[in-house]
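Here are the chains, one letter per residue:
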Amino acid sequence: MAPSDSTVIFRICGSLEFSCWLENSNVSQSQRSLSTTFNDLRAKVREESFVFHVCNSPVFIWPNQDCQATAGNVTANTPCGDLQKHIEVEDWSGGGKKKRKDKKHVLTVINLTLMAEVTVPGEESCPAPYLSTEKKRHPLSMILPMDCVISTAAEESVVTVCERLIGALCCQLSDMERVVTQHMKGTAIPVPQPLHFMLPEPNGLVSVVYPANVSENQLESYRKELHKKYNLSEDRPYFRRANAYHFPDQPYKDGYLRNPHEHLNHPNLEGANLYLVQGVYSYHHYMQDRVDDNGWGCAYRSLQTICSWVQQQGYVERTVPTHKEIQQALVDVGDKPAAFVGSRQWIGSIEVQAVLDQLLNVTSKIMFVSQGSELATKGRELANHFETEGTPVMIGGGVLAHTILGVAWSESSGEIRYLILDPHYTGGEDIQTITEKGWCGWKGPDFWDQQAYYNLCLPQRPKTI
């Protein structure tokens, strides 16, 4: 189900203990042992002792006991959307805790935790690895990281949601069994890694299990199977780990803001269509990363925003390049002398194009505009770029560089507005300041210097799965 305003996402996380014995010299016997252990876990998930805890609330639900709950007004027939009433969140305005209030048009996610500890009973139970003198058998114990999601309508009953969650947990265990069996080497098996991906409609949010520490290249054939299963084209990645869905209110560890433009209202332009960047990017601007580049680093920051887009769509696994790495890349391609590294010299659109090619193997087109007044006539070209490629655009003119994230353009009237991400911002990662003060905002044609020339670097989306 694709999320809508009335959709509730239930996400259940926790861990299950996995213990078994593997035969050192008998692969088929080891696989049977693994299969038996996974069967036991699927049976445990359906036992009456299994409990779901609604996070940040006093509500505990026994899904296999007719959905008995600790809250008296929660029954099997309660609409699942009503569980939000019991959830408390931190009130950062100083009022302690308050009842949850979901923002309009923000995906509603209700988090649950597994409250059952599952082990394998009997003499063959192995609670922890140990040094054994037994040469024929190898003890295996690990923690399976369970992470399941389902999408449902808010009016659906709690009992239906619980039945679907139990089914999702069992399906995920089956997926983990497949991953472990396919990628085991002798008695060494990979830890299954559950991830979620938001696909184009009508697919919505789907879950996939990958073997941890197995490279993206080794998983290409499986990704092709997934593209075929969900009827997706094979010219862009949907199932690389970097494309995993990031749930609302879950902070990014690196501290950068993602997609600040999503907090803006669209411009009121009669007859205009929106053409926007596709996917996730980080906002890079002056004074970040303990680098004082105020006055000279705007193009570097715009380039970093583009690189973050390439990285976060799963096209590359390398980190966003630093100023010095950008400068070294330009030296390596023969564009700059060795003394350029460590300097405070500006770069422009042509250098951005060269670095993207050198470091990320991303090609770009360059659009030349002899004076800023001509940008108002480039609506069709920019609309086509965001519709087909969907990458952020770097624009440089005079001594300034900006990032264009989209356009609102009317084909009939020719009117246009530009969605600008400004790298000249020097403050902290405050989304309210950034949007209200126009550091990320919609600008008219008069935003550009009407007499200055501009070069636009339009990165081309790599065609890969």
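Residues numbered from 1 in each chain as written. Predicted model: local features only at pLDDT ≥ 70, side-chain atom pairs only at ≥ 80, totals over all residues. Heavy atoms only, no water.

1. A word on the pattern of salt bridges
By the definition in use, this model includes 15 salt bridges. Between Asp335 and Lys336 there is a salt bridge, and its shortest N-O distance comes to 3.8 Å. Relative accessible area serves as the criterion here: at 37%, Asp335 is assigned to the partly exposed category. (Salt bridge = Lys/Arg side-chain N within 4 Å of Asp/Glu carboxyl O. Buried < 20%, exposed > 50% of the residue type's maximum accessible area, 1.4 Å probe, protein only.)

2. Concerning the packing of aromatic side chains
What the rule picks out here adds up to 14 aromatic pairs. Ring centres of Tyr425 and Trp439 lie 5.4 Å apart, and the angle between their planes is 50 degrees; on these two criteria the pair is classed as tilted. Separated by 14 residues along the polypeptide, Tyr425 in the loop between β15 (416–421) and α8 (431–436) and Trp439 in the loop between α8 and β16 (440–443) bring together distant segments of the chain. Taking relative accessible area as the criterion, Trp439 reaches 26% and is therefore assigned partly exposed. Ring geometry for Trp448 against Tyr454: centres 5.5 Å apart, planes inclined by 75 degrees, an arrangement best described as edge-to-face. For the pair Trp448 and Tyr454, a shared accessibility class is recorded, and that class is buried. (Phe/Tyr/Trp six-rings, centres within 6.5 Å; stacked < 30°, edge-to-face > 60°. Helix = DSSP H or I, 4+ residues; strand = E, 2+ residues; numbered from the N terminus.)

3. Topic: the sheet that holds strand β1 (residues 7–23)
Strands pair in a sheet through their backbones, by hydrogen bonds, and they do so in one of two ways: parallel or antiparallel. Read across the sheet, six strands follow the order β4-β3-β2-β7-β1-β8 without closing on themselves; strand pairing throughout is mixed. Edge strands, defined here as strands with exactly one partner in the open sheet, are β4 (68–69) and β8 (137–153). Across 17 bridges, the pairing between β1 and β8 is antiparallel. Note on β8: the bridge partner recorded for Cys13 is Asp147. Strands in contact with helix α1 (residues 27–45) are β1 and β8; relative to β1, the strand with the most contacts, it is inclined by about 140 degrees. Strands in contact with helix α2 (residues 158–183) are β1, β2 (52–54), β3 (60–62), β7 (108–114) and β8; relative to β8, the strand with the most contacts, it is inclined by about 140 degrees. (Pairing = 2+ DSSP bridges. Contact = heavy atoms within 4.5 Å. Axes fitted to C-alpha atoms, helices over the stretch in contact; angles between N-to-C directions.)

4. Considerations on the packing of helix α4 (residues 298–312) against helix α6 (residues 349–360)
Here α4 crosses α6 at 35 degrees, and the two axes come no closer than 11 Å. For the crossing formed where α4 meets α6, the hand is right-handed. Residue-level inspection shows Ala299, Leu303, Ile306, Cys307 and Val310 of α4 in contact with α6, the latter providing Val352, Val355, Leu356 and Leu360. When grouped by side-chain class, the residues that make up the contact of α4 with α6 number nine nonpolar, no polar and no charged. (Left-handed = near helix turned anticlockwise from the far one by under 90°. Nonpolar A, V, L, I, M, F, W, Y, C, P; charged D, E, K, R; others polar.)

5. Side note on the nonpolar core
With 46 residues, the main nonpolar core has Phe10, Phe18, Leu34, Phe52, Leu144, Leu169 and Leu173 as its most contacted residues. Those elements that provide at least two residues to this core are β1, α1, β2, β7, β8 and α2. Broken down by element, this core gets its largest block of residues, 12 residues, from α2. In this structure Phe52 touches Ile12, Val59, Phe60, Ile61, Pro63, Leu112, Thr113, Leu114, Cys162, Leu165, Ile166 and Leu169, once residues within four positions along its chain are discounted. Counting 41 residues, the second largest nonpolar core, distinct from the first, contains Cys298, Ile306, Ala329 and Trp442. (Core = buried A, V, L, I, M, F, W, Y, C linked by side-chain atoms within 4.5 Å.)

6. Describing the pairing of strand β13 (residues 393–397)
With five of its five residues buried, β13 lies for the most part within the structure. Residue alternation in β13 divides its side chains into two sets, Val393, Ile395 and Gly397 and Met394 and Gly396, and both sets are buried. One ladder, built from five bridges, connects β13 with strand β14 (residues 400–409); its direction is antiparallel. Each residue of the ladder has a partner; that of Met394, found in β14, is Thr403. In this structure, the hairpin formed by β13 and β14 is closed by a connection of two residues, where Gly398 is found at a positive phi of approximately 65 degrees.

7. Quick word on unusual backbone geometry
Each neighbour pair has its own omega, and for Glu201 with Pro202 the value is 10 degrees, a cis peptide bond. Position of Pro202 relative to the elements: it lies in the loop between β9 (192–199) and β10 (204–211). A positive phi angle, near 60 degrees, is found at Asn56, a position not held by glycine. Tracing the backbone through its elements, the reader meets Asn56 in the loop between β2 and β3. Taking relative accessible area as the criterion, Asn56 reaches 51% and is therefore assigned exposed. Even without being a glycine, Asn231 presents a positive backbone phi close to 55 degrees.

8. Considering the side chain of Ser30
Considering the arrangement of structural elements, one finds Ser30 in helix α1. Note on Ser30: relative accessible area 1%, which makes it buried.

9. As for a nonpolar patch on the surface
A contiguous nonpolar surface patch, about 310 Å² in accessible area, is contributed by Trp346, Val399 and Leu400. For Val399, the position within the fold is in the loop between β13 and β14. (Patch = residues over 30% accessible without salt bridge, like charges linked within 9 Å, V, L, I, M, F, W, Y side chains within 5 Å. Areas by Shrake-Rupley, 256 points an atom, 1.4 Å probe, with all protein chains shown as cover.)

10. Details of the confidence of the model for the chain
The predicted structure's coordinates, where accompanied by low pLDDT, should not be read in detail. For the chain, per-residue confidence averages 89 on the pLDDT scale, and residues scoring 70 or more make up 90% of the total. In this model, residues 91–105 is a region of pLDDT below 50 whose contacts with residues beyond four sequence positions or in other chains number 24 contacts. (pLDDT = per-residue confidence, 0-100.)

11. Here we look at the packing of α4 against helix α5 (residues 323–332)
For any two helices packed against each other, the geometry is given by the interaxial angle and the distance between the axes. Look at α4 against α5: their axes get within 10 Å of each other, and the N-to-C directions meet at 95 degrees. Between α4 and α5, the angle falls in the class roughly perpendicular. Residues Tyr300, Arg301, Leu303 and Gln304 of α4 lie in contact with α5, whose contacting residues are His323, Ile326 and Gln327. Looking at side-chain class alone, the contact of α4 with α5 contains three nonpolar, three polar and one charged residues. (Parallel < 35°, antiparallel > 145°, perpendicular 65-115°, else oblique.)

12. As for the side chain of Asn259
You can see Asn259 is positioned in the loop between α3 (220–229) and β11 (273–276). Discounting residues that sit within four places of it in the chain, Asn259 has contacts with Gly279, Val280 and Tyr281.

13. Quick word on helix α7 (residues 379–388)
The set of residues buried in α7 consists of Gly379, Leu382, Ala383, His385 and Phe386. Looking straight down α7, one finds that the buried residues subtend no more than 160 degrees of arc, so they occupy a single side. On its buried face, α7 is in contact with β11, β13, β14, β15 and β17 (454–459). (Arc of directions from axis to C-beta.)

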